[in-house]
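# Notes for the structure review
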Amino acid sequence: MQRKVLITDCADAQGLIANITGVCFSHKLNIIKNSEFVDNAQGRFFMRTELEGEFNDEALLNDLASVLPQQNHTKLVDCKTKRIVVMVTKEAHCLGDLLMKAYYGGLNVEIAAVVGNYDLLAPLVAKFDIPFHHVCHQGKDRIAHEREMLEIIDGYDADYLVLAKYMRVLTPEFVEQYPNRIINIHHSFLPAFVGAAPYKQAWERGVKIIGATAHFVNNCLDEGPIIKQDVIPVDHHYSSEDMARSGRDVEKSVLSKALQLVLNEQVVVYGNKTVVF
């Protein structure tokens, strides 16, 4: 008995839920859980269906296509443990949280490797018996550095790349290798305070909340589809350094929650937005 997740994305129309579930029934598949959403502004229908049974993927998808509007996207995904490669610079809090949760079962994920442009976090990664690759960026142009990184990353056949405070902007050439498969944590409640030093920007503006945003990476800095956000209160007593210290807990929490949603196939990207089931 297999378990898979069916994602449906198509133009909205009458009877879609009945049509989709009817096809699943005809294939003798049991529906474990079903969630749907209609974006009325765009006239778009989304549905996530957890299925159990014996699958003929090609036949199921063909039968679904015959009962859906012409412009449709369906995806059938195995409920298996996914592999990630984590990219880091110097900060340990997000990486440490992912390592602990993966090790003790808080995240159903295999961390295949960690790649860093500094070697500062290698001893931490070694404690979990995970490969660490140091690819120094100094003295290299961005393209050459990224090519070295990709040579290593591609060898691990990762489902997703996770930027755990990787503090370098990726080029379009890098991003296009993993479309909607690179997850970043930004230390700001986007779209406020994009780019560098967001806590300093927030302090200068006198904000009363600070937050973090996990999003997919695209070619616009800190403007990719948002997966998860959270905030905490601050006040006039906080320096920018205080904000940064307090913000670290939000950052690691938001990143791990976003990653769990993605691993569970609960996130659908359309345009520059997401539907999160």
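One can find the structure itself at the top, above this paragraph.
Residues numbered from 1 in each chain as written. Predicted model: local features only at pLDDT ≥ 70, side-chain atom pairs only at ≥ 80, totals over all residues. Heavy atoms only, no water.

With that settled, the discussion passes to a nonpolar patch on the surface. On the surface, a nonpolar cluster with roughly 400 Å² of combined accessible area is contributed by Met100, Tyr103 and Tyr104. The class of Tyr103 is exposed, set by a relative accessible area of 55%. (Patch = residues over 30% accessible without salt bridge, like charges linked within 9 Å, V, L, I, M, F, W, Y side chains within 5 Å. Areas by Shrake-Rupley, 256 points an atom, 1.4 Å probe, with all protein chains shown as cover. Salt bridge = Lys/Arg side-chain N within 4 Å of Asp/Glu carboxyl O. Buried < 20%, exposed > 50% of the residue type's maximum accessible area, 1.4 Å probe, protein only.)

So, on to helix H7 (residues 198-205). Of the positions making up H7, those classed as buried are Pro198, Tyr199 and Ala202. All buried residues of H7 project into a common sector of 100 degrees when viewed along the axis, lining one side. Packed against the buried residues of H7 are strand E9 (182-186), strand E10 (209-216) and helix H8 (240-263). (Helix = DSSP H or I, 4+ residues; strand = E, 2+ residues; numbered from the N terminus. Arc of directions from axis to C-beta. Contact = heavy atoms within 4.5 Å.)

Another point: the sheet that holds strand E1 (residues 2-11). Across the sheet, which stays open at both edges, the 4 strands sit in the order E2-E3-E1-E4 with antiparallel pairing between neighbours. Two strands bound the open sheet, and with one partner strand each, they are strand E2 (30-39) and strand E4 (72-78). Between one strand axis and the next, the sheet turns by 10 degrees as a mean value, whatever way the strands run. In the sheet, E1 pairs with E4 via 7 bridges, with the strands oriented antiparallel. (Pairing = 2+ DSSP bridges. Axes fitted to C-alpha atoms, helices over the stretch in contact; angles between N-to-C directions.)

Of note, Glu146 is situated in helix H5 (residues 142-154). Despite its burial, Glu146 pairs with no opposite charge, the nearest such side chain being Arg142 at 5.2 Å. Within the structure, the side chain of Glu146 is placed 2.4 Å from the side chain of Thr171, a separation counted as a polar contact. (Lys, Arg positive; Asp, Glu negative; His and termini not counted. Polar contact = N/O pair within 3.5 Å; in protein donor to acceptor, adjacent residues only side chain to side chain.)

An order of E7-E6-E5-E8-E9-E10-E11 is seen for the 7 strands of this open sheet, with the pairing classed as mixed. Two strands lie at the open edges of the sheet, namely strand E7 (132-134) and strand E11 (226-233), each paired on one side alone. Within this sheet the neighbouring strands show an average axis-to-axis angle of 20 degrees, counted without direction. Here strand E5 (residues 82-88) pairs with strand E8 (residues 160-163) via 4 bridges, running parallel. Each bridged residue has a counterpart across the sheet, and for Val85 the counterpart in E8 is Leu161. Each of E5, strand E6 (109-116), E8, E9, E10 and E11 touches H8; the most contacted strand, E11, lies at about 150 degrees to it.

Function-wise, these values are silent; they only describe arrangement.
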